[in-house]
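Observations on the three-dimensional arrangement
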Amino acid sequence: MSENPKLTSSGIEVKKVYTEKDLPKDISELPGQFPYTRGVQPDMYRGRLWTMRQYAGFSTAEESNKRYQYLLSQGVNGLSVAFDLPTQIGYDSDHPLADGEVGKVGVAIDSIEDMQVLFNNIKLEEVSTSMTINATGYILLAFYVALAKQQGADLKKISGTIQNDILKEYAARGTYIYPPKPSMRIITDIFEWCSQEVPKWNTISISGYHIREAGSTAVQEVAFTLSNGKAYVKAAMEKGLDINIFGKRLSFFFNSHNNLFEEAAKFRAARRMWAKIMKELGATEPKAMMLRFHSQTGGSTLTAQQPLNNISRVTIQTLAAVLGGTQSLHTNGYDEALSLPTEEAARIALRTQQIVAYESGVPDTADPLAGSYYVESLTNQIEEEAFKLIEKIDAMGGSVSAIEEGFIQNEIARSAYDFQRSMEKNESIVVGVNKFQVQEDHDIPVMKIDDNIRSLQTAKLEKLRSSRDHARCDQILQLLNDKAASNENIMPVVLEAVENKCTLGEIADTLREVYGEYK
């Protein structure tokens, strides 16, 4: 009886043994050299460790600020903000559709006043902040810049990232507002404005994370993410922006899953592919061709069964991200299949990164897996398979067309279905779920969010609206409407709107009037 072949998550067959014959013809490349397979820096983590971020945000701005202060005290060197669903889709907390969701999966931010509380006693010039926000990214960025101005910060020095990746929302996640074409216009407005006003800000984090969470394979994650990246670059170039300038501010966000070698090879392949893509599109500056990425351990890999097992999963995923050359990393709490992470779970997750950084020896040399018969072969195979998918998407007219036709969504759904079926047939083993189960009585403490948050936010909004200059707000929102209907950049007037206490929902609604909503 022949043995069943071993396959990676992407269906790549794994041989019993790899030899010199499996190596690519030329593996003489060094880290920091085009096409950056081995890393974007010559010395990688010997020069500087990756940024240790912990994604946090829940309840009110006051509660989230306490968690940020705690994480900073524990050694985090970059903040990462999670917003609640109403904030993500452009509704103020008192909107009827916000009922039941305020502060639940992230922090509720309705106005500049909430932003002031969120970053109370945190100097924006001294901390790097990543914000997971897409459809309303332009508003949250304006809140952040307005607050930096209030703090007297030098806008040329503030650093961080807004996710701002709307294409993956249509393909995998769902928190879109406007149709694809006007959404792309907003994104290129942000590129243009930031290059002049906040040049150190990363204007987009092109995200494979959510594509993977929705059920894609590793190869699909790379292919769809880089294809979306191409669409953003082309849109920016059509607007007349210089690829060598805005290209330096593009960043990526990838998932780190359990298959250690496939994940490390995935990151190496993605860097090489992006360098080739950018060169082909006309980039000549080395930094415009470098794929710099944040990574997060796989949320969909966490199990509610035997949740302490998740600490081991997160450790493997942390190693994969570091061996693959990540620039920053968030590690999930072991309890996140049950609730938002408790303070203890967040601390253990951060300590996992710190143990890998300071005790494992993994960061001591750049790209320690280079030259491995298996990893080099796998890097090549992932690149080859991902480029085949990108060519299919290019033939459809690019990512926007492929999403409008449903191609990307259908590919992800098929992979998710295939994995679920393989679990049900016990072909894929998830420890504690379909094998090695135990009778469980959960005594894991879970974090609960107060249901009164909506009324607290509503009271704040009433106070804000009664204390501002109504005529001025109406005037600015009308001006925003006019700019959105024209070809002028909307960002200066969005900044003016938030500084005059217009709310997130009012700004988002103004653009709804002009662009409509995507159904």
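Reference entry: report on the structure contained in this document.

1. Examining the overall build of the chain
From N to C terminus, the chain includes 20 helices and 11 strands. Rg of the C-alpha trace for the chain: 23 Å, near the compact-globule value of 24 Å for 519 residues, within the 12% margin. Along the first, second and third principal axes, the C-alpha atoms of the chain reach 80 × 60 × 45 Å. Buried residues in the chain amount to 57% of all 519 residues. Across the chain, the fraction of contacts at a sequence separation of at least 24, relative to all contacts at a separation of at least 6, is 78%. Counting every atom, the chain has about 21500 Å² of accessible surface; 49% of that belongs to carbon and sulfur. Distance between charge centres in the chain, computed from 55 positive and 68 negative side chains, equals 4 Å.

2. Topic: the packing of helix 12 (residues 309-323) against helix 13 (residues 343-359)
Between helix 12 and helix 13, the shortest axis-to-axis distance is 10 Å and the interhelical angle comes to 45°. In terms of orientation, helix 12 and helix 13 fall into the oblique class. Classified by chirality, the crossing of helix 13 by helix 12 is right-handed. Judged by residue contacts, Ile311, Val314, Thr315, Thr318, Leu319 and Val322 of helix 12 engage Ile348, Thr352, Gln353 and Val356 from helix 13. Here the contact of helix 12 with helix 13 is built from residues that sort into 6 nonpolar, 4 polar and no charged.

3. Remarks on the side chain of threonine 318
Note on placement: threonine 318 falls in helix 12. Look at threonine 318 and you get buried, because its relative accessible area is 0%. A polar contact of 2.7 Å, which involves the side chain of threonine 318, links it to the backbone oxygen of valine 314. Not counting residues up to four positions away in its chain, the partners in contact with threonine 318 are Thr297, Leu329, Thr331, Thr352, Gln353 and Val356.

4. Brief notes about the pairing of strand 3 (residues 51-56)
Along strand 3, 5 of the 6 residues are buried, which leaves the element largely enclosed by surrounding structure. In this structure, strand 3 lies alongside strand 11 (residues 328-330), joined through 3 bridges in parallel fashion. Its bridge partner lying in strand 11, arginine 53 is registered against histidine 330. Note: strand 3 against strand 4 (residues 78-82), 4 bridges, orientation parallel. Counted as the bridge partner of glutamine 54 is leucine 79 from strand 4. Chirality of the crossover, the property in question, places the unit of strand 3, helix 1 (residues 61-73) and strand 4 among those that are right-handed.

5. Some remarks on unusual backbone geometry
Geometrically, the link from phenylalanine 34 to proline 35 is a cis peptide bond, its omega value of 5° lying close to zero. Inspection of the secondary structure puts proline 35 in the loop between strand 2 (13-14) and strand 3. With a phi close to 45°, aspartate 367 is a non-glycine residue in the positive phi region. Of the residues examined, aspartate 367 reaches a relative accessible area of 7% and is grouped as buried.

6. What to know about the pairing of strand 5 (residues 128-132)
For strand 5, the buried fraction is high: 5 of the 5 residues fall into the buried class. Summarising the sheet, strand 5 and strand 6 (residues 159-162) pair through 4 bridges and their orientation is parallel. Its bridge partner being in strand 6, threonine 129 is matched across the sheet by glycine 160. On the question of chirality, the crossover connecting strand 5 to the parallel strand 6 by way of helix 4 (residues 137-150) is right-handed.

7. Quick notes on the environment of phenylalanine 267
Along the polypeptide, phenylalanine 267 turns up in helix 10 (residues 260-281). Residue classification places phenylalanine 267 among the buried positions, given a relative accessible area of 1%. Along the chain, phenylalanine 267 and valine 322 lie 55 residues apart, while their C-alpha atoms are 9.8 Å from each other. Phenylalanine 267 has contacts with Phe254, Asn255, Ser256, Phe293, Ala320, Ala321 and Gly324, leaving out every residue within four places of it along the chain.

8. Some details on a nonpolar patch on the surface
Side chains of Ile429, Val431 and Phe436 sit close together on the surface and give an oily, nonpolar patch of about 270 Å² of accessible area. Inspection of the secondary structure assignment puts valine 431 in the loop between helix 16 (407-424) and helix 17 (453-467). Judged by its relative accessible area of 38%, valine 431 is partly exposed.

Parameters at a glance
- Residues numbered from 1 in each chain as written.
- Predicted model: local features only at pLDDT ≥ 70, side-chain atom pairs only at ≥ 80, totals over all residues.
- Heavy atoms only, no water.
- Helix = DSSP H or I, 4+ residues; strand = E, 2+ residues; numbered from the N terminus.
- Rg over C-alpha atoms; globule rule 2.2 N^0.38 Å.
- Buried < 20%, exposed > 50% of the residue type's maximum accessible area, 1.4 Å probe, protein only.
- Contact = heavy atoms within 4.5 Å.
- Areas by Shrake-Rupley, 256 points an atom, 1.4 Å probe, with all protein chains shown as cover.
- Lys, Arg positive; Asp, Glu negative; His and termini not counted.
- Charge placed at Lys NZ, Arg CZ, Asp CG, Glu CD.
- Axes fitted to C-alpha atoms, helices over the stretch in contact; angles between N-to-C directions.
- Parallel < 35°, antiparallel > 145°, perpendicular 65-115°, else oblique.
- Left-handed = near helix turned anticlockwise from the far one by under 90°.
- Nonpolar A, V, L, I, M, F, W, Y, C, P; charged D, E, K, R; others polar.
- Polar contact = N/O pair within 3.5 Å; in protein donor to acceptor, adjacent residues only side chain to side chain.
- Pairing = 2+ DSSP bridges.
- Right-handed = clockwise from strand over helix to strand, strands pointing away.
- Patch = residues over 30% accessible without salt bridge, like charges linked within 9 Å, V, L, I, M, F, W, Y side chains within 5 Å.
- Salt bridge = Lys/Arg side-chain N within 4 Å of Asp/Glu carboxyl O.

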